[in-house]
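# Geometric and topological summary
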There are 2 protein chains.
Amino acid sequence: MKNHKRTTIYDIAKKLNLNASSVSRALNNDSNISEVTKKLILDTARELNYKQNSLASNLRRGHNRTIGVIVPHINQNFFANVIAGIEEVTYKKGYSLIICQSNESYEREVDCVNTLINQHVNCIVISVSADFKEDTHLKSIVEHGIKLIQFDRVADNLDTYKVVNNNEQASMEAVSHMIKEGYKRIALLEGPQNLNIFRQRKSGYLAALKKHGIAVIPELIIENAWTKELGAAATRKLLSLTQPPDAIFASTSDFSALGVLEIATKMNIPVPETLGICGYSNEAFTEITSPAITTIDQHSITMGQTIANLYFDEAGSGTESLGNKVINIQPELIIRKSTSKCNV
Amino acid sequence: MKNHKRTTIYDIAKKLNLNASSVSRALNNDSNISEVTKKLILDTARELNYKQNSLASNLRRGHNRTIGVIVPHINQNFFANVIAGIEEVTYKKGYSLIICQSNESYEREVDCVNTLINQHVNCIVISVSADFKEDTHLKSIVEHGIKLIQFDRVADNLDTYKVVNNNEQASMEAVSHMIKEGYKRIALLEGPQNLNIFRQRKSGYLAALKKHGIAVIPELIIENAWTKELGAAATRKLLSLTQPPDAIFASTSDFSALGVLEIATKMNIPVPETLGICGYSNEAFTEITSPAITTIDQHSITMGQTIANLYFDEAGSGTESLGNKVINIQPELIIRKSTSKCNV
DNA sequence: CTGTTAGCGCTTTCAA
DNA sequence: TTGAAAGCGCTAACAG
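Residues numbered from 1 in each chain as written. Chains lettered and ligands numbered in written order. Predicted model: local features only at pLDDT ≥ 70, side-chain atom pairs only at ≥ 80, totals over all residues. Heavy atoms only, no water.

### Things to note about the domain arrangement of chain A
All names here are of chain A.
- Partitioning chain A into structural domains gives domain 1 (9-52), domain 2 (65-165 + 300-330) and domain 3 (167-298 + 333-343).
- Summarising the inter-unit geometry, the C-alpha centres of domain 2 and domain 3 are found 30 Å apart.
- With 17 residues of domain 2 at the interface, the matching set in domain 3 holds 11 residues.
- Buried surface at the junction of domain 2 and domain 3, both sides included, amounts to about 1,200 Å², of which 40% is carbon and sulfur.
- Among the residues domain 2 hides against domain 3, the three largest losses belong to Ala130, Arg153 and Asn165. Together they make up 38% of the total.
- For aspartate 156, the salt bridge identified is with arginine 199, shortest N-O distance 3.5 Å.
- At the junction of domain 2 with domain 3, the criterion picks out 7 residue pairs in polar contact (both at pLDDT 80 or more).
- At the level of elements, α5 (77-92) and α12 (300-316) are the ones that each hand at least two residues to the side of domain 2 that touches domain 3.
- Partitioning the side of domain 2 that touches domain 3 into residue classes produces 7 nonpolar, 5 polar and 5 charged. (Domains from an automatic or database assignment. Contact = heavy atoms within 4.5 Å. Buried area = accessible area lost by both parts, 1.4 Å probe. Salt bridge = Lys/Arg side-chain N within 4 Å of Asp/Glu carboxyl O. Polar contact = N/O pair within 3.5 Å; in protein donor to acceptor, adjacent residues only side chain to side chain. Helix = DSSP H or I, 4+ residues; strand = E, 2+ residues; numbered from the N terminus. Nonpolar A, V, L, I, M, F, W, Y, C, P; charged D, E, K, R; others polar.)

### Let's talk about the protein's contact with DNA strand C
- Around DNA strand C, a shell composed of 27 residues is seen, among which A:Ser24, A:Tyr50, A:Arg60, B:Asn19 and B:Arg60 lie nearest.
- Atoms of DNA strand C within 4 Å of the protein: sugar and phosphate make up 57%, bases the balance.
- In the environment of DNA strand C, a phosphate oxygen lies 3.0 Å from a nitrogen or oxygen atom belonging to the side chain of B:Ser22.
- Residue B:Ser34 places a main-chain N or O atom 3.1 Å away from a phosphate oxygen belonging to DNA strand C.
- Those elements that provide at least two residues to the surface near DNA strand C are α1 (9-16), α2 (20-27) and α4 (54-61) of chain A together with α2 (20-27) and α4 (54-61) of chain B.
- Ranked by residues supplied to the surface near DNA strand C, first place goes to α4(A) with 4 residues.
- When the residues that make up the surface near DNA strand C are grouped by side-chain class, the tally is 7 nonpolar, 14 polar and 6 charged. (Near = heavy atom within 4 Å.)

### Quick look at the relation of the copies chain B and chain A
- Once chain B is rotated about the relating axis by 180° and shifted along it by 0.0 Å, it coincides with chain A to within an RMSD of 0.1 Å. Put plainly, the chains are arranged around a two-fold axis. Looking at the rotation axis and the C-alpha trace of chain B, the residue lying nearest is B:Ile98, at 2.2 Å.
- Mapped onto chain A, 98% of the interface residues of chain B are again interface residues, and the two copies thus contact each other with one and the same surface. (Least-squares fit on C-alpha atoms with pLDDT ≥ 70 in both.)

### What about unusual backbone geometry?
- Residue A:Val271 is joined to A:Pro272 through a cis peptide bond whose omega torsion reads 10°.
- Residue position: A:Pro272 is located in the loop between α11 (254-266) and β9 (276-278).
- Looking along the chain, the bond that leaves B:Ser290 and enters B:Pro291 is cis, with omega of 0°.
- With respect to the element layout, B:Pro291 can be found in the loop between β9 (276-278) and β10 (295-297).

### Notes on the nonpolar core
- Membership of the largest hydrophobic core comes to 52 residues, with the highest contact counts inside it found for A:Phe151 and B:Phe151.
- Residue contacts for B:Phe151: discarding those within four places in its chain leaves B:Val71, B:Phe78, B:Phe79, B:Val82, B:Val125, B:Ile126, B:Ser127, B:Val163, B:Met303 and B:Ile307.
- B:Ile98, B:Leu138, B:Leu158 and B:Leu195 belong to the second-largest nonpolar core, a separate cluster that totals 46 residues. (Core = buried A, V, L, I, M, F, W, Y, C linked by side-chain atoms within 4.5 Å. Buried < 20%, exposed > 50% of the residue type's maximum accessible area, 1.4 Å probe, protein only.)

### Quick word on the packing of helix α8 (residues 167-180) of chain B against helix α9 (residues 196-211) of chain B
Residue and element names in this part refer to chain B.
- The contact between α8 and α9 brings their axes to 7 Å, and the two run at 40°. Taken as axis vectors, α8 and α9 run oblique relative to one another. Viewed along their axes, α8 and α9 form a crossing whose handedness is right-handed. Every residue of α9 that contacts α8 at Asn167, Glu168, Ser171, Met172, Val175, Ser176 and Ile179 is listed here: Ile197, Gln200, Arg201, Ser203, Gly204, Tyr205, Ala207, Ala208, Leu209 and Lys211. (Axes fitted to C-alpha atoms, helices over the stretch in contact; angles between N-to-C directions. Parallel < 35°, antiparallel > 145°, perpendicular 65-115°, else oblique. Left-handed = near helix turned anticlockwise from the far one by under 90°.)

Given below as structure tokens:
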């Protein structure tokens, strides 16, 4: 491997008694070259099994045709789908993707950013970690002339391109729906409040209650219940209250909602009759639990496509790196059995 | 963005009246430099917000510290987990990952391979597409001095590093388990036979029948039933036979098994009493269907870690690119309600 | 320990 | 239409 010698444009040039620049022109479809020599070069390139060295070409050109993506975990449905959406668009444009995961760690997130800056990617797409502390690393991206697009979990006070869900509205719709179904004491499982998305979802919950003249009961709001286990624990706690809730909005994730459902099933509490459940994210499994879980679809693939298109549209116009354009992807309330009290 | 000027080692050198090579040495922790100047350089680098240009450094060094991964779909549990496993190991070593998806298309797979060769990645990790036709592109990887590790879906007749599941044994165990539970007419939903994994799973099924002296009934073997919809259609067909099966082994995927379960539920056929169901992959949802689905865990994260470790171990020893070492990850039969006829 | 020099493979002026 | 030459930013061999 170490001593492997690959065919370069010089090899092709030498073989044809031409200059490397001509070879380069032929390979890059430049107009300043005759059809005859071009064909000759292309044929020889194939014959010699030539592959371009992107490292050299990008170094010379000063950019990379590569987009870096940083997500907390790639093996989570939502993020995997966003990436799939991005990839779909970038592939067509001949761009590659470098994907990094922060593992919800701020320190690793910073590392990832630095790696991508070093790699001279054209653009960094990021959804920040739950451990998010400050935004100097994000500013650094812009300072190095790299486009920055935040999505989903974004640093609010930083002016960049952002592609987000309207979390507040979606939560409000979900809670309103539950109220209309007749639920009166709706509990909230909330996520880490240092992340904007979880703050917004809480706002939506509060707004819905207010709109329908329902008082906020603090003991029905449980912090940091965003895994299945934490959701289950929260549910145990809530159901042991003297006045337990008649519905639980697991605003953090469907996994959390699944924890709720499991405890309810174990305790023989009928869902949706005695307890309504609503999750967040429309994970595949929500459709097939019994009862199926009401949830919110974030249109993750569309989100990915939008991100990629945003890059290409703005790149074309050659605008400044630090744009400030927020695109809202409308999430969608998926109503299923777990909150359908009326139709029982 | 275009005219953005980043700090280079020359900027640092000039500012300190030093030579670029000294700066390089300091930055790379070379021993041939005094602690004093090293500190000076490091401080100035920070002050000027210097980031290395990996393009240049890699071009010079001749390699990339990057591993390319090609999978059919990144938003499938199994692949996402393998990638997560790879990433976990490579991150610690300071390597980046370039991830591409072939979308089950042979043509795109070839494109991905070419991109990665151009990028001079150190290693390409691939699980071939269902559309797999020939292996010239894989050979080309090796010819260009790039390590090649195949996993899961591998081109059998090509000698490379391979990390695979023992699909045959796992299938055999699964089917044997069903036989022991008392199922006598076990149907097989099989996947595209141009992929080795599906051939192996079929072999395992056949071997189990043979071992237990059960005749193979061709009409119980259904081709290409590897999505939920195809699984459902196959089930309809199977259950309308004059002698329908009493169990279905969806060897292709849990999604297919889910299709089976849905039809059985719709037709009021008791699972596991009248119909046993076994899937493949241990997708998250198999645990929470009712009944929960028996399936096979592929230990995907371990698989990813193994792949990465294989690269680093073999790279260290400086062996030839075209090694031929097959590592078997033992899959695990997860027995659940859907095949537990005895305990009902 | 530090400086000088060359060159990785490519693109891109400028000349011819 | 082609060639010559310079240089992207870095590392590494060689001198001093």
